[in-house]
Amino acid sequence: MRLPDEQSRLQISAGPEHAVSMSKTTEAGRVLAAEWDGRYTGWSMETPAAEPNPALLAEAAQLRPGRALDIGCGLGSDAIWLAARGWDVTALDVSQVALDRAATRAEQAGVSVAWQQSRLEDAAVPPRGFDLVTAHYPALLHSEGRDAERALLASVAVGGTLLVVHHADVDVETAKAHGFDPADYLDHDDVAALFDDTWEVRIERGRLRGRPAGSEGQHTHDDVLVARRLRRALSDAPADPAAPA
Ligand SMILES: C[S@@+](CC[C@H](N)C(=O)[O-])C[C@H]1O[C@@H](n2cnc3c(N)ncnc32)[C@H](O)[C@@H]1O
């Protein structure tokens, strides 16, 4: 018999075939979802970001549209921007409240995105299934098993790009006042340490953001990581049958 924590459910969202997946429902996932749903309920329709992120505009503009995965998509601004440019987008977030707002915004923009409610660590995203995987300020928690780290890299196709952006100017006391202790979350150094020679990695620290972010406009600079998967590593999971080798 399965314990409730181990139950799986079929998540079918309108959109591309590869977005249909089995995601686990775990206690940790439920707790995190409730936490983020609570935050979004207290925020306006425009928070955290109602515009696509500047680093996405800069880094994705020159890429040929293919399959994209937006991790921690929030209100969906990046996913909507990508979909409007011809990308086949799956957007993942642990918060259903955020996804409902994102879906409304996508409908208003006239674009189609496959919205998927799951904690990244529980999501069954196809191994190497996406040409672009993007995560802006993803707020991923440390764990003993390094689950978030592994999940972040796993879905990038060979030849595909991972774009991860963190705030370069996190003030610990301000963050704590907003309910986040930065020590609990993966930072840019944690992500930068993940890559071996099967990746080509470019890191830019403290890039001027152009448009300030944060509820008080406190974030003006980004740390930007762009990694291209050059080839498979021996330790990689078997490929998604629908994905290129
Ligand atoms: C700081 S917000 C950033 C949202 C959006 N990317 C942006 O740039 O505005 C972090 C988002 O990640 C989601 N999130 C946090 N931890 C997650 C996890 N483990 N798996 C999936 N989504 C997560 C939250 O619900 C939230 O929407």
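The rules behind these values
- Residues numbered from 1 in each chain as written.
- Predicted model: local features only at pLDDT ≥ 70, side-chain atom pairs only at ≥ 80, totals over all residues.
- Core = buried A, V, L, I, M, F, W, Y, C linked by C-beta atoms within 7 Å.
- Buried ≥ 20, exposed ≤ 12 C-beta atoms within 10 Å, placed from the backbone.
- Helix = DSSP H or I, 4+ residues; strand = E, 2+ residues; numbered from the N terminus.
- Contact = placed C-beta atoms within 7 Å.
- Expected span 1.5 Å × (residues − 1).
- Arc of directions from axis to C-beta.
- Pairing = 2+ DSSP bridges.
- Axes fitted to C-alpha atoms, helices over the stretch in contact; angles between N-to-C directions.
- Right-handed = clockwise from strand over helix to strand, strands pointing away.
- pLDDT = per-residue confidence, 0-100.

The name recorded for the chain in an unreviewed UniProt entry is Methyltransferase domain-containing protein, from Mycolicibacterium arabiense.

Quick look at the nonpolar core now. Counting residues in each nonpolar core, the largest one holds 51 residues, and the members touching the most others are Ala 79, Leu 82, Val 89, Ala 91, Ala 102 and Val 113. Here the element with the most residues in this core is strand β7 (residues 156-167); it accounts for six residues. With sequence-adjacent residues up to four places away left out, Leu 82 is seen in contact with Ala 60, Ala 68, Trp 87 and Val 89.

Take helix α4 (residues 96-109) next. The end-to-end C-alpha separation of α4 is 20 Å, in line with the 20 Å expected for 14 residues at 1.5 Å each. Within the span of α4, buried status applies to Ala 98, Leu 99, Arg 101, Ala 102 and Ala 106. Considered in projection along α4, the buried side chains sweep an arc of 160° and stay on one side of the axis. Exposed residues pointing more than 90 degrees away from the buried face of α4 are listed as Glu 107 and Gln 108.

Let us now look at the environment of Arg 39. Following the sequence through the fold, Arg 39 ends up in helix α1 (residues 27-42). For the pair Arg 39 and Ser 95, spaced 56 residues apart in the sequence, the C-alpha separation amounts to 9.3 Å.

Strands sit in the order β5-β4-β3-β6-β7-β9-β8 across an open sheet of seven strands; the sheet is mixed. Bordering the open sheet on either side are β5 (114-117) and β8 (199-213), each of which pairs with just one other strand. Going across the sheet, the axis of each strand differs from the next one's by a mean of 20°, ignoring polarity. As paired strands, β8 and strand β9 (residues 219-229) are joined by nine bridges and run antiparallel to one another. Along β9, the bridge assignment pairs Ile 203 with Leu 225. Lying over the sheet, α4 contacts β4 (88-93) and β5, oriented at roughly 170° with respect to β5.

Attention now moves to the pairing of strand β3 (residues 67-71). The buried count for β3 comes to five of five residues, which makes it a mostly enclosed element. Going residue by residue along β3, you find Arg 67, Leu 69 and Ile 71 tucked away on one face and Ala 68 and Asp 70 tucked away on the opposite face as well. Pairing analysis gives five bridges linking β3 to β4, with the strands arranged parallel. Bridging across to β4, Ala 68 finds its partner in Val 89. Crossover handedness for the path β3 to helix α3 (residues 77-84) to β4: right-handed. Alignment of β3 against strand β6 (residues 130-136), held across three bridges, turns out to be parallel. When the sheet's bridge partners are listed, Leu 69 is paired in β6 with Val 133.

As a further point, take the confidence of the model for the chain. Per-chain confidence: the chain averages 87 in pLDDT, with 86% of residues scoring 70 or above. Overall, residues 1-18 carries pLDDT values under 50, and its contacts beyond four positions in sequence, including any with other chains, amount to 34 contacts.

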